[in-house]
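Structural overview for review
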Amino acid sequence: MSENFLEVNNLTKHFSLNADLVSRLAGRTQTLKAVDGISFHIRQGETLGLVGESGCGKSTTGRLITRLVEPTGGEIKLRGENMLDFSPKRMRQTRKNVQLVFQDPYSSLNPRKTIMQILSRPLEVHNLAKSWHEKRERVLELLNLVGLGSEHIDRYPHEFSGGQRQRIAIARGLSVNPELMIGDEPVSALDVSIQAQILNLFRELQEKFNLTYLFIAHDLSVIRHISDRVAVMYVGKIVESGPVATIFSDPQHPYTKALLAAVPEADPKKPPPRLILKGEVATPIDPPPGCRLQGRCPIATSICGEVSPELLTVDTDHQVACHHL
């Protein structure tokens, strides 16, 4: 694998919440820190799995990278160039290289359009096909790539199963020949048997086109199956990242350990997990200083409530944000 294809440095997204009139007049405003200074990289042809509980900021991160949501601060470097400095015209051209596959394939496809219309629209926007014949040939090629046939081209989204609709969504992403594809929980809405088929499709397409993936999920088994490296996210912060084998065999952060301990075991004789988090997930609304996990962590000390830990390298390509390593 080559040098970093994508670099995210101190990426931040804060949302100002609507407060009541009295609070606004008194200058008391609330801020939801959905993504709060995260950094990671992805090499060419690699898959980075981004995992964490619901509400931790995973999906917001994917939308920030595609600039569907504008960041509050930070850098998003694609091949060394900061995408946040791009003009609207340059960003439109760049979107050919960065595509997003959404979680729900039904709501992400226009129910009033046929598959031919859905898949040919990106070709029209980016001037990748001139004639109707060229567009149809490209659409048929895309359908074949994702395991669908020519008989599907004039059907509507409601005529397909969930797995087939997700194949169409993947085909739409492939239509403009991207280099980076971001999957935002792309298999979470599917049956387990169909999940395996779609994950294998992602793998096949990556090998065929040398694609780079950011794969967002909350299911650790999915992340383990498809990822080369893993970044673990908790309440807007990345708390640990490293090679998939290292994260699953030798996790260092208490939150990562708790996530892995919570995976159901088939062996009823196996002892219960040693590390269990207490309390509720911290709120991203005006979070207190220090580590976001400190209110739940069984090994937290006074420094955890005062100083936010930095993501430091503990081994080759393995970073952890914890005061007690």
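Throughout what follows, the structure given in this document is the object of discussion. Quick caveat: nothing in here was measured; it's all calculated off a predicted structure.

1. Some details on the state of the cysteines
Here the structure, examined in full by the defined rule, presents 0 disulfides. Free cysteine: Cys291, not disulfide-bonded; nearest cysteine sulfur from Cys304 at 6.0 Å. The thiol sulfur of Cys322 is not disulfide-bonded, and the nearest other cysteine sulfur, from Cys297, lies at 6.3 Å. On the basis of relative accessibility, which here comes to 17%, the residue Cys322 falls in the buried class.

2. Quick notes on the pairing of strand E1 (residues 4-17)
Where E1 and strand E2 (residues 30-43) come together, 11 bridges link them in antiparallel fashion. The partner of Lys13 across the bridge, within E2, is Val35. By the bridge criterion, 5 bridges tie E1 to strand E4 (residues 73-78) in an arrangement that is antiparallel. In the strand pairing of E4, Val8 is matched with Ile76.

3. Some details on the packing of helix H4 (residues 115-125) against helix H5 (residues 132-145)
In contact at an axis separation of 9 Å, H4 and H5 are set at 110° when each is read in the N-to-C sense. Considered as vectors, H4 and H5 are oriented roughly perpendicular to each other. Between H4 and H5 lies a crossing whose hand is right-handed. Taking contact as the criterion, the partners of Ile115, Met116, Leu119, Ser120, Leu123 and Glu124 in H4 are, on H5, Trp132, Lys135, Arg136, Arg138, Val139 and Leu143. By residue class, the composition of the contact of H4 with H5 is 7 nonpolar, 1 polar and 4 charged.

4. Points about the sheet that holds strand E6 (residues 98-101)
As a general point, the strands of a sheet are linked pairwise by backbone hydrogen bonds and lie either parallel or antiparallel. Taken together, the 8 strands give an open sheet; going across it, the order is E6-E7-E8-E3-E9-E10-E12-E11, and neighbouring strands pair in mixed fashion. Each of the sheet's edge strands pairs with one partner strand only, and the pair in question is E6 and strand E11 (312-315). Within the sheet, the average angular offset between the axes of one strand and its neighbour, ignoring direction, is 20°. With 2 bridges joining them, strand E10 (residues 237-243) and strand E12 (residues 318-320) adopt antiparallel strand pairing. When the sheet's bridge partners are listed, Ser241 is paired in E12 with Gln319. Helix H10 (residues 254-261) contacts strand E9 (229-234) and E10 of the sheet and is inclined by roughly 105° relative to E9.

5. Quick look at the pattern of salt bridges
Taken as a whole, this structure holds 15 salt bridges when the rule is applied. Notably, a salt bridge pairs Lys77 with Glu75, separated by 3.9 Å at the nearest N-O pair. For Lys77, a relative accessible area of 24% gives the class partly exposed. The shortest N-O distance in the salt bridge between Glu124 and Lys135 comes to 2.8 Å. With Glu124 in helix H4 and Lys135 in helix H5, the pair connects residues that are 11 residues apart, well separated along the chain.

6. Details of the packing of aromatic side chains
Applying the stated criterion to the full structure yields 3 aromatic pairs. Here Phe202 and Phe215 contribute two aromatic rings whose centre-to-centre distance is 5.4 Å and whose plane-to-plane angle is 90°, an arrangement assigned as edge-to-face. Here Phe215 lies in strand E8 (residues 212-217) and Phe202 lies in helix H7 (residues 192-209), a separation of 13 residues in the sequence. Its relative accessible area of 2% is what places Phe202 among the buried residues. What links up through ring pairs into an aromatic cluster is the set Phe202, Tyr213 and Phe215. Positioned over the ring face of Phe15 is Lys13, at 5.0 Å from the centre of the ring. When the ring centre of Phe86 is taken as reference, the NZ or CZ atom of Arg90 above it lies at 4.1 Å.

Basis of the calculations
- Residues numbered from 1 in each chain as written.
- Predicted model: local features only at pLDDT ≥ 70, side-chain atom pairs only at ≥ 80, totals over all residues.
- Heavy atoms only, no water.
- Disulfide = S-S within 2.5 Å.
- Buried < 20%, exposed > 50% of the residue type's maximum accessible area, 1.4 Å probe, protein only.
- Pairing = 2+ DSSP bridges.
- Helix = DSSP H or I, 4+ residues; strand = E, 2+ residues; numbered from the N terminus.
- Axes fitted to C-alpha atoms, helices over the stretch in contact; angles between N-to-C directions.
- Parallel < 35°, antiparallel > 145°, perpendicular 65-115°, else oblique.
- Left-handed = near helix turned anticlockwise from the far one by under 90°.
- Contact = heavy atoms within 4.5 Å.
- Nonpolar A, V, L, I, M, F, W, Y, C, P; charged D, E, K, R; others polar.
- Salt bridge = Lys/Arg side-chain N within 4 Å of Asp/Glu carboxyl O.
- Phe/Tyr/Trp six-rings, centres within 6.5 Å; stacked < 30°, edge-to-face > 60°.
- Lys NZ or Arg CZ within 6 Å of the ring centre and 35° of its normal.

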